[in-house]
Amino acid sequence: MLGKLLVIGFGPGSFDHMTNRAQTAIQESECIIGYKTYVDLIQDLLTDQEIISTGMSEEVSRAQAAVRLAEEGKTVAVISSGDAGVYGMAGLVYEVLIEQGWTEATGVSVEVIPGVSASNSCASILGAPIMHDSCTISLSDHLTPWELIEKRIDAAAQADFVISLYNPKSGRRTRQIQEAQRILLEYRSPQTPVGLVKSAYRDRQHIVITDLENMLNYDIGMLTTVVIGNSSTFLYDNKMITPRGYQRKYTLNTEKQRLRPHERLRHENEPWALHQGINNIETAQIETAATATKVATPKATSLELALEALNRVQGSTTPIYIQEAKTVHNPVISVFELAVSPGIVNKQFTPKQMITLADVVGDDGKMEYTPHHQIHLRIPTANPEIVTEKLKVAGFILEPLGDVFQLKACDFCDGEKKDSIPHAEELHQKLSGLELPKELKVGFNGCGMACYGAVNDDIGIIFRKGKFDLFLGAKTVGRTAHAGQPVAEGVEPDKIVEVVETIINEYKEKGHPNERFFKYFKRVGVIQGYTYQDMTPKIEIEPAPCGD
């Protein structure tokens, strides 16, 4: 009867970080095979198993012994620290099996049990350095030619990968880490954050956070993993942090503005992608232009022309070469997002305001018209205060984007029906930009005609016969959209702001994250004494695939 091979990655070494399957696999094995240090790390899990421990660089003999014992009918555990499939024993075991003609159908059973790799365990100690594309490179040239390792380091450095270096240095291999540093400094800033982690999660754990320029001033050995940040990695409170992408979004009242689910894959929100942030038709035009450019003769730069002229004046025939800078720098782009409008009542933009918008948005920003009496701006800038100052001088009202309160007032017949305007302005002053579980719009109409459709907003306010009517819980999107429920007529003018403010504050406090106002009203049943009634159209409509 054939036995079983359990190729186990037991993680960094502490039992707390070893998977339950790894522990049970060790305990159910009849024979344990591994590097002596690794056997010592799992000593407390051993009972009466046969132990075969060997020294460093004897991996092939361990794999051969494991296969032989499994073919004798034994359950054999081949142990590796970290993950068995990342510079571990899994590949060698399969190579030995393949040499002997093994197949899964007829040969010994093989189970590879994953573990936490060194790059992941070290990253968790250092902070969050591997939040973007990353790679692992072993500096050991015992089995891999150094020329190939050099090419990999060079390619990873050019591509701005976060890099984890395994096996960086040993008693006999001391130059490899120096050469790796030299290559990396050709592409990365000397101040690039670097983490050195020795024996992660073991008794002799040692951590150093330094930079690329100074990393060789510290002790680095075979038990050290070297984590090198990319061009956007930064240090904060002695932690290495790599942003998840190369763009951060800000708005007026929040440090970071997350993209909502339906916005994440829009082209304009991914200017760094292959489509360059534009639609398919524009992309095709750019690709055609790019193809034509490739066959054209590249234009000389001003500096190159000047140097050529200098050569001719001096009578020299030897060209002057310019050393091309190789440093890779992909800065995190700060995108400032906000909404602008000409006023609460005023719906007319002046020429000066339109010129100001074009100026602050520039060629790289975006302007988006919305049906909510606002223009949304997305401006790449590190100085949002300069942008806001220009917009304020031009007479714009500025508001944040995202899950916030917005007042949508009508134009009050170009200001002629002005009795309710002060109440609209007070609501805006008190609540504009207030963070809420989900975006919420309050429609405010200055007469009973309600021609701006206030009843179709989350909360509707209509001024009629000197008093206010209140509507709650419109379903603003979807094929089952409906107007809000009329909950009060004849609310006194001196009470309307307080009533709406109280409703908004309750929703802010008790609403679930991402829960629209109409869903909240339906869930709780009563808001400030107003009882929910189902206003959904009484017809059967097939649900949209995306749901709501």
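Remember, predicted model here, so these are calculated numbers, not experimental data.

Draft legend 1. Region of interest: unusual backbone geometry. A positive phi is found at tyrosine 201, a non-glycine position, where the angle reads about 60 degrees. Here tyrosine 201 shows up in the loop between β9 (193–198) and β10 (206–211). Residue tyrosine 201 is classed as partly exposed on the basis of its relative accessible area, which comes to 26%. Even without being glycine, phenylalanine 412 reaches a positive phi, approximately 50 degrees. Turning to its location among the elements, phenylalanine 412 is positioned in helix α12 (residues 412–415). Residue classification places phenylalanine 412 among the buried residues on the basis of a relative accessible area of 1%.

Draft legend 2. Summary view of the sheet that holds strand β2 (residues 31–35). The 5 strands are arranged β3-β2-β4-β1-β5 in an open sheet whose pairing can be described as parallel. Every interior strand has two partners, whereas the edge strands, β3 (50–54) and β5 (109–113), have only one. Adjacent strand axes in the sheet meet at a mean angle of 15 degrees when their direction is disregarded. As defined by bridge partners, strand β1 (residues 4–9) adjoins strand β4 (residues 75–80) across 6 bridges and the pair is classed as parallel. When the bridges of β4 are listed, lysine 4 appears paired with threonine 75. Against the sheet, helix α3 (residues 59–71) touches β1, β2, β3 and β4, its axis set at about 170 degrees to β2.

Draft legend 3. A look at the environment of glutamine 485. The residue glutamine 485 is located in strand β23 (residues 485–491) in this model. Residues within four places of glutamine 485 in sequence aside, it is in contact with Leu470, Phe471, Leu472, Phe521, Thr531, Tyr532, Gln533 and Met535. A polar contact is formed between the side chain of glutamine 485 and the backbone oxygen of threonine 531, at a distance of 2.7 Å. Polar contacts involving the side chain of glutamine 485 include one to the main-chain amide nitrogen of glutamine 533, which spans 2.7 Å.

The rules behind the values
- Residues numbered from 1 in each chain as written.
- Predicted model: local features only at pLDDT ≥ 70, side-chain atom pairs only at ≥ 80, totals over all residues.
- Heavy atoms only, no water.
- Helix = DSSP H or I, 4+ residues; strand = E, 2+ residues; numbered from the N terminus.
- Buried < 20%, exposed > 50% of the residue type's maximum accessible area, 1.4 Å probe, protein only.
- Pairing = 2+ DSSP bridges.
- Axes fitted to C-alpha atoms, helices over the stretch in contact; angles between N-to-C directions.
- Contact = heavy atoms within 4.5 Å.
- Polar contact = N/O pair within 3.5 Å; in protein donor to acceptor, adjacent residues only side chain to side chain.

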